[in-house]
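# Report on the structure
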Amino acid sequence: MRIGIVAERTGETRVSATPETVAKIRGLGYDVVVEQGAGAASSFPDTAYEAADAVIVDGDTAWSSDVVLKVDAPTREEIARLKDGATVVGLLSPALKPELLAALAQRDLTALAMDAVPRISRAQSMDVLSSMANISGYRAVVEAANEFGRFFTGQVTAAGKVPPAKVLVAGAGVAGLAAIGAASSLGAVVRATDPRPEVADQVRSIGGEYLPVDVAVEQSTDGYAKATSEAYDRRAAEIYSEQAADVDIIITTALIPGRAAPRLITAADVASMKPGSVIVDMAAGQGGNVEGSVAGERTVTANGVIILGYTDLAGRLPAQASQLYGTNLLNLLKLLTPDKDGQLTIDVDDVVQRAVTVVQHGAVTWPPPPVQVS
Ligand code: NAD
């Protein structure tokens, strides 16, 4: 079978395969074609793909492959470029985009959603949500440091003492832990909250202080947060108000699977922050943790607080984001090519393969049956 690596639309800096993963995809028995310039925004020139024995082709040739690898979901125009019987792989957000699944299912197409990989131990090597969250958490700190007009680290100099910046990270999952690690390695004092008390040790182990809310929450059985109670939210809100008046930087990462992002930081909290403080709302694309954040935008409040609602944080480190995304995708292809014969097969009795298959030969197959998360 022929695999096509297509160029993403303007604004997406990542690419679905790197020269390194292309060589490994060829090792699975596939022919690989790469649309001219597909890796340019991630600093992977066409010559590097050619050195990995991929053939550089025009867009129509890449889109007419048996399997098309993408980062972003295809548009209607792009779906029209797929040949009958083709398989397309990308970040398809099946829960949020029923119209995309319906459009794909109008033809004999199969669609695999990288963001539907079940979060079980066996599938960790394909888990793009974790690999992208890790990059985004780091980048959120870099963006905050770039906006903040001061050092993160404390210094004692002949010209006087400089205190360390104080950073609050709300939500200590994959992205939050990456942000805590990055901010503390830059020398900031870092505090963190999360309704899952089991993260306290992880926060401390990377240099943060865990702020307990001390109101019992429903225990999660799958490692993910449940919606918090009113009593929890009330106490947490007091902590956020105390912290907002004290810290210089707030990075929010709080998400609850299947729901809109919880609102944590109010406009009054933002108004209490010092001028020049920075907030990065990593949940801005899912409704936002911070009142006043705008998805994709940088806003400055009347009291001089900068709120970043960027939704492309992983894409701001495009080479490594592509490297990790490409490796996650390669690991999926390995699973789907058990005989390394260049033939993609889908075993719907396997929970991972079933979960990612959101359209199969013109039928919508999402949502899959529930998976026991480990
Ligand atoms: P996520 O993106 O769904 O949520 C981000 C964080 O927000 C979580 O830590 C959550 O507890 C927190 N949160 C939710 N409501 C909040 C509130 N009101 N206030 C503050 N924080 C709130 O989660 P994630 O980062 O993708 O993963 C969470 C955990 O799941 C990880 O820490 C890990 O232990 C586990 N996980 C396991 C696997 C696996 O393969 N087994 C894969 C990925 C993640």
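Here the structure is a predicted model, which means the values were calculated and not measured.

## Side note on the overall build of the chain
Summing up its helical and strand segments, the chain has 12 helices and 17 strands in all. Taken over C-alpha atoms, the radius of gyration comes to 22 Å for the chain, in line with the 21 Å a tight globule of 374 residues would show. C-alpha atoms of the chain, sized along the principal axes, occupy 65 × 50 × 35 Å. Across the 374 residues of the chain, 46% fall into the buried class.

## Description of the site of the ligand
The ligand sits among 30 residues. The nearest are Gly171, Gly173, Val174, Ala225 and Ala254. Breaking the shell around the ligand down by element, the ones donating at least two residues are helix H6 (128–147) and helix H7 (174–185). Within the shell around the ligand, the residues separate by chemical class into 16 nonpolar, 10 polar and four charged.

## Brief notes about the sheet that holds strand S5 (residues 87–91)
Strand order in the open sheet formed by eight strands is S3-S2-S1-S4-S5-S6-S16-S17, with mixed pairing between adjacent strands. A single partner strand is all that each edge strand has here, and the edge strands are strand S3 (55–57) and strand S17 (363–364). As paired strands, strand S16 (residues 357–360) and S17 are joined by two bridges and run antiparallel to one another. By the bridge assignment, Val359 is partnered in S17 with Val364.

## Comments concerning the packing of helix H1 (residues 19–27) against helix H11 (residues 318–336)
Two quantities define a packed helix pair, namely the angle between the axes and the distance from one axis to the other. Closest axis-to-axis distance for the H1/H11 pair is 10 Å, and the angle between their directions is 5°. The angle between H1 and H11 falls in the class roughly parallel. Contact residues: Thr21, Lys24 and Ile25 in H1; Gly326, Thr327, Leu330 and Leu333 in H11. Each residue belonging to the contact of H1 with H11 can be placed in one class, and the counts come to three nonpolar, three polar and one charged.

## Considerations on the environment of Ser185
Within the element layout of this structure, Ser185 appears in helix H7. For Ser185, a count of 15 C-beta atoms within 10 Å gives the class partly exposed. On a C-alpha basis, the gap between Ser185 and Ala7 in space is 36 Å, while along the polypeptide they are 178 residues apart.

## Quick notes on the pairing of strand S13 (residues 278–281)
The alternating pattern of S13 places Val278 and Val280 on one face and Ile279 and Asp281 on the opposite face, and all of these are buried. Pairing of S13 with strand S15 (residues 306–308) involves three bridges; the strand directions are parallel. Note that in S15 the partner of Val278 across the bridge is Ile306.

## Some words on the confidence of the model for the chain
Here the chain shows a mean pLDDT of 96. Residues at 70 or above account for 98%. In the predicted complex, the global pTM is 0.95; the interface-specific ipTM is 0.97.

## Comments concerning the environment of Ser131
Turning to its location among the elements, Ser131 is positioned in helix H6. Given 22 C-beta atoms within a 10 Å radius, Ser131 is considered buried. When the C-alpha atoms of Ser131 and Tyr325 are compared, they prove to be 7.3 Å apart, with 194 residues separating the residues in sequence. Ignoring any residue separated from it by four or fewer positions in sequence, one finds Ser131 in contact with Leu324, Tyr325 and Asn328.

## With respect to unusual backbone geometry
The amide bond that connects Trp366 to the next residue, Pro367, takes the cis arrangement and shows omega of 0°. Tracing the backbone through its elements, the reader meets Pro367 in the segment after S17. Although it is not a glycine, Lys340 sits at a positive phi angle of roughly 50°. Structurally, the position occupied by Lys340 is in the loop between H11 and helix H12 (351–356). With 11 C-beta atoms counted inside 10 Å, the residue Lys340 sits in the exposed group.

## Description of the sheet that holds S15
Read from one edge to the other, the open sheet built from seven strands follows the order S11-S10-S9-S12-S13-S15-S14, with strand pairing classed as mixed. The sheet terminates laterally at strand S11 (208–210) and strand S14 (298–300), the two strands that pair on one side only. In this sheet, neighbouring strand axes are inclined to one another by 20° on average, regardless of whether the strands run parallel or antiparallel. One ladder, built from four bridges, connects strand S12 (residues 249–252) with S13; its direction is parallel. The partner of Thr252 across the bridge, within S13, is Asp281. Across the sheet, H7 is in contact with strand S9 (166–170), strand S10 (189–193), S11 and S12; its angle to S10 comes to roughly 165°. Along the sheet face, helix H9 (residues 230–246) touches S9, S10 and S12 and points at about 165° away from the line of S10.

## Let's talk about the pairing of S5
With four of five residues buried, S5 lies mostly within the body of the structure. Where strand S4 (residues 67–72) and S5 come together, four bridges link them in parallel fashion. Opposite Val67, over in S5, you have Thr87 as the bridge partner. Tracing the backbone out of S4, into helix H4 (residues 76–81) and back to the parallel element S5 gives a crossover that is right-handed. Summarising the sheet, S5 and strand S6 (residues 110–113) pair through four bridges and their orientation is parallel. Across the sheet, the residue bridging to Thr87 is Thr110, located in S6.

Criteria and thresholds
- Residues numbered from 1 in each chain as written.
- Predicted model: local features only at pLDDT ≥ 70, side-chain atom pairs only at ≥ 80, totals over all residues.
- Helix = DSSP H or I, 4+ residues; strand = E, 2+ residues; numbered from the N terminus.
- Rg over C-alpha atoms; globule rule 2.2 N^0.38 Å.
- Buried ≥ 20, exposed ≤ 12 C-beta atoms within 10 Å, placed from the backbone.
- Near = placed C-beta within 6 Å.
- Nonpolar A, V, L, I, M, F, W, Y, C, P; charged D, E, K, R; others polar.
- Pairing = 2+ DSSP bridges.
- Axes fitted to C-alpha atoms, helices over the stretch in contact; angles between N-to-C directions.
- Parallel < 35°, antiparallel > 145°, perpendicular 65-115°, else oblique.
- Contact = placed C-beta atoms within 7 Å.
- pLDDT = per-residue confidence, 0-100.
- Right-handed = clockwise from strand over helix to strand, strands pointing away.

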